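Observations on the model geometry
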Amino acid sequence: MATARRRKVAPEESNSHSAKRRALDSNDKSGRGHIAAVILARGGSKGIPLKNIKKLAGVPLIGWVLRAAVDSEVFDSVWVSTDHDEIERVARKFGARVHRRSAEVSKDTSTSLETLQEFSRLNPDVDVICNIQATSPCLHPQHLKEAVEKITKQGYESVFSVVRRHHFRWQEVKNGATSTTALNLNPARRPRRQDWDGELCENGSFYFATKELLGKGLLQGGRTIYFEMQPEYSVDIDVDIDWPVAEHRVLRYGYFGKHKPELPRLLLCNVSGCLTDGQVYMSAGAEEMLSINNTDLIGISMLKKEGMEVILISSSENPVPKPLADKLAQKTDCKLMHLTEQKQMEVERLMKEKKLVWEEVAYLGNDVPDVDCLNLAGLSAVPLDAPMVALHAAKYTCQKPAGRGAVRDFIERILQLKERVSNEVGPPSSSLT
């Protein structure tokens, strides 16, 4: 009589609840209970498609808060709750565990609270949940360290982040009303900004709450306190128009990790499709001409004054005629290289000569032949009008099109990063004492 062959069960599949309990308990710090960070990142964003993993200053949006959460070292586990495979891949790359949320809490009408309650039910050994908003890229580990102490050392049941605003508010005129009234000021005695403390407004960066509160349908309740963040760190990206503003802010105030980012020493810039708009103009006398934006030339000069080498490149796919190449090199005071082989190979040969690694190279490309270099370079960018394949490979998308300021835009990002690293100061903290 044949015997049934038993399938060997993987450890994570057997007795999953008790195994999860042992795993969570083993990570608890100093008997304070298990504290988990949970970032909600649904794939069906209506405002910006897959907003949570769209690159902001070279990093997927969700990567900024994941980096801060992991490096804070105050969480026993860091999770991303999602219904999307690509978001899951990015989350794991940044060191997070993944909660695959159910269809019931993945609808357009689903609330954050419903998703957190589902997570809490599936992870009953988590005692405190910190819901971190994926769209707050200027969050720092120090913010989370100070906030969690209000739970672990001061006994609060809920802590949430706020920012101080000095906005005078007025009643909306509706339902037949003909006049408005002030909500937070006396118009006859308008205070000066310096004479008014302003108001504390939620900035949405994070919410700590015990599982008991979540079970009651509350994110805030019981013994509650706020954590005040300075305005420069209170960035919330809701719509596409916020993106350029956020890129500026995150380059100045974002958290780049425990170690300073490697600064580039060499900029490689494609001529056709980056420095120019990709077109070659013909004069009445059959003379070929290129159009170059003067702001791009000024940008190159700025970067060279900072001691960074700039090399212009052309290729077999987009060659620059030698007379034009000579004039261009003279105009920019830059070496112009013509690449005849596969770009990555020739660039790596150049890097070897200059004793550089990819992290020390900034690369501005614009099309399929540039994809490998865009992926490998420490900093990489494409003009606003680059094809989708290049946009996906680049770490930064310029706010200007090719030949219309894209080079200057990328150079300003490089200089901002250089300034940020050079002027690195201590970690931010709350203004609440």
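Residues numbered from 1 in each chain as written. Predicted model: local features only at pLDDT ≥ 70, side-chain atom pairs only at ≥ 80, totals over all residues. Heavy atoms only, no water.

**Considerations on the overall build of the protein**
Helix and strand counts for the protein come out as 14 helices and 17 strands. Across the 433 residues that make up the protein, the buried fraction comes to 45%. For the protein, the share of sequence-separated contacts (at least 6 apart) that also reach a separation of at least 24 residues comes to 67%. Surface exposure of the protein reaches about 22400 Å², of which carbon and sulfur atoms provide 50%. (Helix = DSSP H or I, 4+ residues; strand = E, 2+ residues; numbered from the N terminus. Buried < 20%, exposed > 50% of the residue type's maximum accessible area, 1.4 Å probe, protein only. Contact = heavy atoms within 4.5 Å. Areas by Shrake-Rupley, 256 points an atom, 1.4 Å probe, with all protein chains shown as cover.)

**Describing the packing of aromatic side chains**
Tallied over the full model, the rule gives seven aromatic pairs. With a centroid separation of 5.3 Å and 90 degrees between ring planes, the pair formed by Trp 64 and Phe 256 is classed as edge-to-face. In this pair, Trp 64 sits in helix H2 (residues 61-72) while Phe 256 sits in the loop between helix H7 (242-253) and strand S10 (266-270), placing the two residues 192 residues apart along the sequence. Ring geometry for Phe 168 and Trp 196: centres 5.0 Å apart, planes at 20 degrees, overall stacked. (Phe/Tyr/Trp six-rings, centres within 6.5 Å; stacked < 30°, edge-to-face > 60°.)

**Thoughts on the sheet that holds strand S1 (residues 34-40)**
With mixed pairing, seven strands are arranged side by side in an open sheet as S5-S4-S1-S6-S8-S7-S9. Unpaired on one side and paired on the other, strand S5 (97-100) and strand S9 (224-229) mark the two borders of the sheet. In this sheet, neighbouring strand axes are inclined to one another by 30 degrees on average, regardless of whether the strands run parallel or antiparallel. Pairing between strand S7 (residues 158-165) and strand S8 (residues 199-210): seven bridges, direction antiparallel. Its bridge partner being in S8, Arg 164 is matched across the sheet by Leu 200. In this fold H2 packs onto S1, strand S4 (77-82) and strand S6 (126-132), with an angle of close to 155 degrees to the strand it touches most, S4. Running over the sheet, helix H3 (residues 85-93) touches S4 and S5 and is turned about 160 degrees from S5. (Pairing = 2+ DSSP bridges. Axes fitted to C-alpha atoms, helices over the stretch in contact; angles between N-to-C directions.)

**Thoughts on the pairing of S8**
Bridge count for S6 against S8 is five bridges, and the pairing is antiparallel. Across the sheet, Cys 130 pairs through a bridge with Phe 208, a residue of S8.

**A word on the sheet that holds strand S17 (residues 396-397)**
Read from one edge to the other, the open sheet built from six strands follows the order S14-S13-S10-S15-S16-S17, with strand pairing classed as parallel. In the strand order of this sheet, the two ends are held by strand S14 (335-339) and S17, each with one partner.

**Structural notes on H3**
Residues of H3 that are buried include every one of Ile 87, Glu 88, Val 90 and Ala 91, and no others. One side of H3 carries all its buried residues, which in axial view fall inside an arc of 165 degrees. Across from the buried face of H3, at angles greater than 90 degrees, the exposed residues are Asp 85 and Lys 93. In this structure, the buried side of H3 is in contact with strand S3 (59-60), H2, S4 and S5. (Arc of directions from axis to C-beta.)

**Some details on the pattern of salt bridges**
One pass over the structure, following the stated rule, counts 18 salt bridges. Among the salt bridges present, the one from Lys 354 reaches Glu 309, with a minimum N-O distance of 3.1 Å. Placement of Lys 354 in helix H11 (residues 343-354) and of Glu 309 in strand S13 (residues 309-315) is noted, with a sequence separation of 45 residues between them. Several salt bridges converge on common partners, so that one network encompasses Asp 85, Glu 88, Arg 92 and Arg 100. (Salt bridge = Lys/Arg side-chain N within 4 Å of Asp/Glu carboxyl O.)

**Regarding the nonpolar core**
Most often, soluble globular proteins keep nonpolar side chains buried together rather than apart. Judged by nonpolar contacts, the single largest core of 53 residues is most densely connected at Ile 39, Ile 62, Phe 75, Val 80, Ile 132, Phe 206 and Phe 208. Take this core: its biggest share by element is seven residues, from H2. Ile 132 has contacts with Ala 37, Val 38, Ile 39, Leu 40, Val 65, Ala 69, Phe 75, Leu 139, Leu 144, Ser 205 and Phe 206, leaving out every residue within four places of it along the chain. In this structure, Met 308, Leu 324, Ile 411 and Ile 414 belong to the second largest nonpolar core, which totals 26 residues. (Core = buried A, V, L, I, M, F, W, Y, C linked by side-chain atoms within 4.5 Å.)

**What about the environment of Ser 110?**
Following the sequence through the fold, Ser 110 ends up in the loop between S5 and helix H4 (112-122). At 3.5 Å, the side chain of Ser 110 forms a polar contact with the backbone nitrogen of Ser 106. Of the polar contacts made by the side chain of Ser 110, one reaches the backbone nitrogen of Lys 107; its length is 3.0 Å. (Polar contact = N/O pair within 3.5 Å; in protein donor to acceptor, adjacent residues only side chain to side chain.)

**Considering the packing of helix H9 (residues 294-305) against helix H14 (residues 406-422)**
One can describe the packing of H9 onto H14 by two numbers: an axis separation of 7 Å at closest approach and a directional angle of 25 degrees. On the basis of the axis angle, H9 is roughly parallel to H14. Handedness of the crossing formed by H9 with H14: left-handed. Contact with H9, carried on its side by Thr 295, Asp 296, Ile 298, Gly 299, Ile 300, Met 302 and Leu 303, involves Ala 406, Val 407, Arg 408, Ile 411, Ile 414 and Leu 415 of H14 and no other residues of that element. Across the contact of H9 with H14, the residue classes break down as nine nonpolar, two polar and two charged. (Parallel < 35°, antiparallel > 145°, perpendicular 65-115°, else oblique. Left-handed = near helix turned anticlockwise from the far one by under 90°. Nonpolar A, V, L, I, M, F, W, Y, C, P; charged D, E, K, R; others polar.)

**So, the side chain of Ser 161**
With respect to the secondary-structure elements, Ser 161 resides in strand S7. Looking at Ser 161, its side chain comes within polar contact range of the side chain of Asn 203, at 2.5 Å. At 3.2 Å, the side chain of Ser 161 and the backbone nitrogen of Ser 205 are in polar contact. Discounting residues that sit within four places of it in the chain, Ser 161 has contacts with Cys 201, Glu 202, Asn 203, Gly 204, Ser 205, Phe 206, Phe 227 and Met 229.

**Let's talk about the pairing of S6**
Counting buried positions over the seven residues of S6 gives six, a clear majority of the element. Of the pairings in the sheet, the one linking S1 to S6 comprises six bridges and is parallel in character. Considered in S6, the bridge of Ala 37 is made with Cys 130.

**Quick notes on unusual backbone geometry**
Its identity is not glycine, yet Glu 73 carries a phi of approximately 60 degrees, on the positive side. Structurally, Glu 73 can be placed in the loop between H2 and S4. Positive phi, normally seen in glycine, also occurs at Asn 175, with a value near 55 degrees. Tracing the backbone shows Asn 175 in the loop between S7 and S8. According to the relative accessible area criterion, Asn 175 is exposed, its value standing at 76%.

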